[in-house]
Amino acid sequence: MKLDKKRRMAAKLLGVGVHRVWIDPSRQSEVAAALTNADIKKLIEKGVIRARPERGTSRVRARERAAKRKRRKRVGPGSRKGAKKARTPRKRRWIQTIRPLRHRLQELKRAGVLSTSQYRRLYRMAKGGAFKSKAHLETYLKEKGILR
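Residues numbered from 1 in each chain as written. Predicted model: local features only at pLDDT ≥ 70, side-chain atom pairs only at ≥ 80, totals over all residues. Heavy atoms only, no water.

A. Looking closely at the overall build of the protein. When helices and strands are tallied, the protein shows 8 helices and 2 strands. Listing every helix and strand of the protein by position from the N terminus yields α-β-α-α-β-α-α-α-α-α. Scaling as 2.2 N^0.38, a compact globule of 148 residues should have a C-alpha radius of gyration of about 15 Å, whereas the protein reaches 36 Å, well beyond that. When the 148 residues of the protein are sorted by exposure, 22% land in the buried category. In the protein, of all internal contacts separated by at least 6 residues, the share reaching a separation of at least 24 is 58%. Roughly 11,600 Å² of accessible area belongs to the protein as shown, and the carbon and sulfur atoms make up 49% of that amount. Positive and negative charge centroids in the protein, built from 48 and 10 side chains respectively, lie 17 Å apart. (Helix = DSSP H or I, 4+ residues; strand = E, 2+ residues; numbered from the N terminus. Rg over C-alpha atoms; globule rule 2.2 N^0.38 Å. Buried < 20%, exposed > 50% of the residue type's maximum accessible area, 1.4 Å probe, protein only. Contact = heavy atoms within 4.5 Å. Areas by Shrake-Rupley, 256 points an atom, 1.4 Å probe, with all protein chains shown as cover. Lys, Arg positive; Asp, Glu negative; His and termini not counted. Charge placed at Lys NZ, Arg CZ, Asp CG, Glu CD.)

B. Up close: the environment of Lys-134. As for its placement among the helices and strands, Lys-134 is situated in helix α8 (residues 134-143). Separated by 33 residues in the primary sequence, Lys-134 and Leu-101 have C-alpha atoms spaced 5.5 Å apart. The residues touching Lys-134, leaving out its near neighbours within four places in the chain, are Pro-100, Leu-101 and Arg-104.

C. Representation of the packing of helix α1 (residues 4-14) against helix α3 (residues 37-46) within the structure. Axis separation between α1 and α3 bottoms out at 10 Å; the angle between their running directions is 70 degrees. When the interaxial angle is binned, α1 and α3 end up roughly perpendicular. Contact residues: Lys-6, Met-9, Ala-10, Leu-13 and Leu-14 in α1; Asn-37, Ile-40, Lys-41 and Ile-44 in α3. Along the lines of polarity and charge, the residues of the contact of α1 with α3 split into 6 nonpolar, 1 polar and 2 charged. (Axes fitted to C-alpha atoms, helices over the stretch in contact; angles between N-to-C directions. Parallel < 35°, antiparallel > 145°, perpendicular 65-115°, else oblique. Nonpolar A, V, L, I, M, F, W, Y, C, P; charged D, E, K, R; others polar.)

D. How the structure looks around α8. All buried positions along α8 are accounted for by Leu-137, Glu-138, Tyr-140 and Leu-141. Buried residues of α8 fall within an arc of 160 degrees about the axis and therefore sit on the same side. Facing away from the buried surface of α8 by more than 90 degrees, the exposed residues are Ala-135 and Glu-143. Backbone geometry just after α8 places Gly-145 at a positive phi near 80 degrees. (Arc of directions from axis to C-beta.)

E. Quick look at the packing of helix α6 (residues 90-110) against α8. Where α6 meets α8, the closest approach of the two axes is 9 Å, and the angle between their N-to-C directions is 40 degrees. Classified by the angle their axes make, α6 and α8 are oblique. Crossing of α6 over α8 shows right-handed handedness. Every residue of α8 that contacts α6 at Pro-100, Leu-101, Arg-104, Leu-105 and Leu-108 is listed here: Lys-134, Leu-137, Glu-138 and Leu-141. Tallied by class, residues from the contact of α6 with α8 come to 6 nonpolar, no polar and 3 charged. (Left-handed = near helix turned anticlockwise from the far one by under 90°.)

F. Main features of the nonpolar core. Core analysis: the largest hydrophobic core is formed by 15 residues, its most contacted members being Leu-101, Leu-105, Leu-114, Leu-122, Phe-131, Leu-137 and Leu-141. Sorting the residues of this core by element identifies α6, α7 (116-127) and α8 as the ones contributing at least two each. Excluding residues that lie within four positions of it along the chain, Phe-131 makes contacts with Thr-97, Leu-101, Leu-122, Met-125, Ala-126, His-136, Leu-137 and Tyr-140. Membership of the second largest hydrophobic core comes to 12 residues, among which are Ala-10, Val-16, Ile-40 and Ile-49. (Core = buried A, V, L, I, M, F, W, Y, C linked by side-chain atoms within 4.5 Å.)

Structural data, given as structure tokens:
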């Protein structure tokens, strides 16, 4: 049974596209008998004609990918687009280096291992980029005989 015209009328009344109009297959003869907009409206009220739900984009795959990235999968060199500095900016990398150094220097000063003058000199060295990590600072201190 061809219900194209009825489908178009229903779509207009429901405010959806033609493809989202659902007509009850068991009651197609009722729909075929409907001639006016009012008839179609009554069928909509009865539930013979309905609007199908809108189809969205599934986020399932996106969530799976995000979960894998959280576990450090899919982050190899083949997946990277930006430069190293774009992915973690220079400032962020600097902060991640300098804070532990400064905290370590403070610990040593509080423990009485470093004098104020030594602390100030090492602090300035750290600020100048003399140490690339906490381990590097430790080896320097051992080398100079400050730490055992």
